[in-house]
Each structure stands twice: as C-alpha cells, then as structure tokens.
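Residue-level structure breakdown
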Amino acid sequence: GQIAVGCVIKNRVDSKRWRDTVEGVVHQRKQFSYYSDGKPEVFDDVEALRIAITLSGIVLSTNICETSFDDMDHYINHEIANPKALWYTDMKKIVVIGDHTFYKENR
C-alpha cells in the first residue's frame, strides 16, 4: 500500500498536470490527508519511519511504478473519505489495497 501511494506521487511528478517535485505534489492543497489534516508531522515510530524511507527509496530509484502501478494518479482512503465527494466515480479503478482504492484519471 505504501508503495502504491508512492507511485501515485511519482506518477504525478512525472505528469505535466501536477507539480514537478515530490514535495510540490504532496504539499498541494487538499491532495494528501497526511499533510492537509492540520496535525503536526511527528514521527514517533522509528521503525515505521525507517520502512517509509526504504519504500520511498524503492519507488524513486526503480521502475516499480511502471511495472506494477503505471499511471495511477489518485487514491481514496476508505476510513476518511467523504462519502459525498464522488470525484473519483469517473476514474478507472486500478486496484484495492487494504482501506485504499487506487485510480487512474480518464484523460
């Protein structure tokens, strides 16, 4: 799941529609709940942070996104998604991983 989220970010960086850096994509207003939830970004779990850093390195330095999650550019987290926000209904569903569904925008 974390690799799939990383691929959404990487695919957006590689697209002309989105900002061209990881930070620019992730910090774009109302795009990623971890950043736009108003909570401070504090990492208390050192092991979880180590895993996240390792997986982000894999996403950024290999072709895993192209071979496994090509073109995914959106996802929803079923635990926090607003059920009235149906922005994803016209998108192509790619995969469901845990509480997340990943999509490709139809363009």
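Structural data are supplied above this passage.
Residues numbered from 1 in each chain as written. Predicted model: local features only at pLDDT ≥ 70, side-chain atom pairs only at ≥ 80, totals over all residues. Heavy atoms only, no water.

Describing the packing of aromatic side chains
In the structure shown here, the tally under the stated rule is four aromatic pairs. Taken together, a centroid distance of 6.0 Å and an interplanar angle of 50° make the contact between Phe32 and Tyr75 tilted. Of this pair, Phe32 sits in the loop between α2 (22-26) and α3 (33-36) while Tyr75 sits in strand β1 (residues 74-77), placing them 43 residues apart in sequence. Here Phe32 matches Tyr75 in class, with each residue buried. Between Tyr88 and Tyr103, the aromatic rings sit 5.4 Å apart at their centres with planes inclined by 35°, giving tilted as the arrangement. Note that Tyr88 is positioned in the loop between β1 and β2 (92-97) and Tyr103 in strand β3 (residues 100-104), a separation of 15 residues in sequence. Owing to a relative accessible area of 6%, Tyr103 belongs among the buried residues under this scheme. (Phe/Tyr/Trp six-rings, centres within 6.5 Å; stacked < 30°, edge-to-face > 60°. Helix = DSSP H or I, 4+ residues; strand = E, 2+ residues; numbered from the N terminus. Buried < 20%, exposed > 50% of the residue type's maximum accessible area, 1.4 Å probe, protein only.)

A few points about the pattern of salt bridges
Inspection of the entire model under this criterion finds three salt bridges. The salt bridge partner of Arg50 is Glu47, with a shortest N-O separation of 2.5 Å. Placement of both Arg50 and Glu47 in helix α4 (residues 46-61) is noted, with a separation of three residues, approximately one turn of the helix. Arg50 sits in the partly exposed class, given a relative accessible area of 45%. What makes Glu47 partly exposed here is its relative accessible area of 41%. A salt bridge links Lys104 to Asp71; the shortest N-O distance between them is 3.4 Å. Of this pair, Lys104 sits in strand β3 while Asp71 is found in the loop between α5 (64-68) and β1, placing the two residues 33 residues apart along the sequence. (Salt bridge = Lys/Arg side-chain N within 4 Å of Asp/Glu carboxyl O.)

What about the state of the cysteines?
Summed over the entire model, instances satisfying the criterion amount to one disulfide. Between Cys7 and Cys65 runs a disulfide, and the two sulfur atoms are separated by 2.2 Å. A torsion of -85° about the S-S bond marks the disulfide between Cys7 and Cys65 as left-handed. You can see Cys7 sitting in helix α1 (residues 2-14) and its partner Cys65 sitting in helix α5, a full 58 residues away along the chain. The two residues Cys7 and Cys65 agree in class, both being buried. (Disulfide = S-S within 2.5 Å.)

A short note on the nonpolar core
Membership of the largest hydrophobic core comes to 17 residues, with the highest contact counts inside it found for Met72 and Phe102. At the level of secondary structure, the elements contributing two or more residues to this core comprise α1 and α2. Tallying contributions element by element places α1 first for this core, with seven residues. (Core = buried A, V, L, I, M, F, W, Y, C linked by side-chain atoms within 4.5 Å.)

Topic: the sheet that holds β2
The strand order across the open sheet formed by three strands is β1-β3-β2, and the pairing between neighbours is antiparallel. Whereas interior strands pair on both sides, the edge strands pair on one side only; in this sheet they are β1 and β2. Here the average twist between neighbouring strands, direction ignored, is 25°. α1 rests against β1, β2 and β3 of the sheet, and its axis sits at about 145° to β1. (Pairing = 2+ DSSP bridges. Axes fitted to C-alpha atoms, helices over the stretch in contact; angles between N-to-C directions. Contact = heavy atoms within 4.5 Å.)

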